[in-house]
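Structural overview
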Amino acid sequence: MTTKARTTSAPVLGLRALNRATLARQLLLRRASLSAEAAVAHLVGLQAQNVKPPYYALAARLDGFTPDDLSAPMADRRVARLVTLRSTLHTHTADDCLTLRPLVQAARDRELGAFRKGLVGVDLDRLAVLARELVEAEPRTMGQLREALLAEWPDADPQALSVAARCRLPLVQVTPRGLWGRSGQVTLTTAEHWLGRPATPAPAPDDTVLRYLAAFGPASVKDMQTWAGLTRFRDAFERLRPRLVTFRAPDGTELFDLPDALRPDPETPAPPRFLPEFDNLLLSHADRTRLVPPAYKGRTWAKNTAYRVLLVDGFVAGLWRLDDDALVVEPFGPLTGARRDEVVAEGERMLAALHPGSAYAVRFGTVRG
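Quantities reported herein were computed from a predicted structural model and do not represent experimental measurements. (Residues numbered from 1 in each chain as written. Predicted model: local features only at pLDDT ≥ 70, side-chain atom pairs only at ≥ 80, totals over all residues. Heavy atoms only, no water.)

1. Things to note about the pattern of salt bridges
Basically, it comes down to this: Only one rule defines a salt bridge in this text: a Lys or Arg side-chain nitrogen within 4 Å of an Asp or Glu carboxyl oxygen. In this text, helices come from DSSP runs of H or I with a minimum length of four residues, and strands from runs of E with a minimum of two, each type numbered from the N-terminal end. For each residue, the accessible area found with a 1.4 Å probe, counting protein chains only, is set against the maximum for its type, and the residue is called buried under 20%, exposed over 50%, and partly exposed in between.
Applying the stated rule across the entire model yields 31 salt bridges. Between Glu136 and Arg132 there is a salt bridge whose closest N-O contact spans 3.1 Å. Placement of the pair is Glu136 and Arg132 together in helix H8 (residues 124-137), with a separation of 4 residues, close to one helical turn. You can call Glu136 partly exposed: its relative accessible area is 25%. Using a relative accessible area of 26% as the deciding quantity, one classes Arg132 as partly exposed. A salt bridge links Glu192 to Arg132, with the nearest nitrogen and oxygen atoms 3.5 Å apart. You can see Glu192 sitting in helix H11 (residues 191-195) and its partner Arg132 sitting in helix H8, a full 60 residues away along the chain. Taken together, the shared-partner salt bridges in this structure form one network comprising Arg321, Asp323, Asp325, Glu330 and Arg363.

2. Section: the sheet that holds strand S1 (residues 46-47)
We apply this condition: In this scheme, strands are said to pair when DSSP sees at least two bridges between them. Contacts between residues were defined by any pair of non-hydrogen atoms, one from each residue, lying within 4.5 Å. Interaxial angle, 0 to 180 degrees, is taken between N-to-C directions of lines fitted to C-alpha atoms, where a helix line uses only the stretch in contact.
Taken in spatial order, the 6 strands of this open sheet run S1-S3-S2-S5-S6-S4, and their pairing is antiparallel. Two strands in the sheet have a free side with no partner beyond their single neighbour: S1 and strand S4 (140-141). Strand direction decides the pairing type here: strand S5 (residues 171-173) and strand S6 (residues 187-190), joined by 3 bridges, are antiparallel. Looking across to S6, one finds that Val172 is bridged to Thr189. In this fold helix H5 (residues 68-75) packs onto strand S2 (79-83) and strand S3 (89-93), with an angle of close to 80 degrees to the strand it touches most, S2. The strands touched by helix H6 (residues 94-103) are S2 and S3; relative to S3, the strand with the most contacts, the crossing angle is about 120 degrees.

3. A look at the packing of aromatic side chains
As a reminder, the rule being used: Geometry of aromatic contacts follows a simple scheme: Phe, Tyr and Trp rings, the Trp one being its six-membered ring, pair when their centres are within 6.5 Å, and the pair is stacked under 30 degrees between planes, edge-to-face over 60, tilted otherwise.
A complete count under the given rule lists 10 aromatic pairs for this structure. For the ring pair Tyr56 and Trp180, a centre distance of 6.0 Å and an interplane angle of 70 degrees mean the geometry is edge-to-face. Taken together, the residues Tyr56 in helix H4 (residues 53-59) and Trp180 in the loop between S5 and S6 connect sequence positions 124 residues apart. Summarising the aromatic geometry, the rings of Phe274 and Trp320 are spaced 5.6 Å apart at their centres and angled 85 degrees between planes, so their arrangement reads as edge-to-face.

4. Remarks on the sheet that holds strand S13 (residues 315-322)
Within a beta sheet, neighbouring strands are joined by backbone hydrogen bonds and run either parallel or antiparallel to one another. Spatial strand order, S9-S12-S13-S14-S15: 5 strands in an open sheet with mixed pairing. For this open sheet the edge positions go to strand S9 (273-275) and strand S15 (361-364), each flanked by a neighbour on one side alone. Each strand axis lies, on average, 30 degrees off the axis of its neighbour in the sheet, ignoring direction. Direction of pairing for strand S12 (residues 308-312) relative to S13: antiparallel, over a ladder of 5 bridges. Following the sheet pairing, Val309 is matched in S13 by Leu319. Helix H15 (residues 337-354) rests against S9, S12, S13, strand S14 (326-331) and S15 of the sheet, and its axis sits at about 145 degrees to S15.

Printed below as a string of structure tokens:
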């Protein structure tokens, strides 16, 4: 049977069915009784350009979560922060730090290619060796590392040297950076040095496909490529096809899934959830209509800034922020009285988990129509 024939014969999953399935995989339909470390592994990492988003992400997903549930394994080096998927900083388990980074190394090599003009005369292999020696002797800020590399290659572009070190090496942000309620400069060493064991070979693409579907499916090949920031996953999906089930999205796109994965009834209730900026829920599909109504497309971003997002009935329905004395909810459209009560209750639960004893009130701001 041809791919076109298989796709045409596959059952269609409507937007609400896709929405509920994705929320279930993301632990957003019902909070899970998992450790923070287990949740980070299941979700294949949490995007973490800033310190706080992973904590808000887990507070929305885990029953009884407190900030120490993530800070403790990070301090114990069972969880760490480094650049992986989509060339962005993620919080990963130690195992994933040492395996996922090799998987995405090709993307880091392509990124480095854009800086070649600033690296004329720079031996990149020697740079990697020297940078490793420097950060493993003692953790360094990027400025300190750049200064040391400039001493070796004074004619190179300083930014290009920094990018080269970050692309060639798996550089982890060491604690206290990343711990809740703590501050600290971004200081770097290698993942191998910080975690006390060598990197392992990159996982087979097939294994990563299965993990992606478990956390984000049902999904298309293009969806996964968007999540990973890589291309050429089609062959892995085709090898796995006998082990997977297929569906069609409303637009006809072929979707793959694990046979026994959760696909709840489309009318399953979805409680409100407060998600942080850069939550992977909204960044891991090429087609985001399963989560973002077309009328609200583009309203969760402004230039390079992502806003904190409110889900109502499983879909993006507004933004939120913390002011000095209030959790301010800004819905995109009117909410019924019952919905507002649910949003307030969820907001109070989130505040109790992450800001216990605070004097924050929950109030509704200007509706952004």
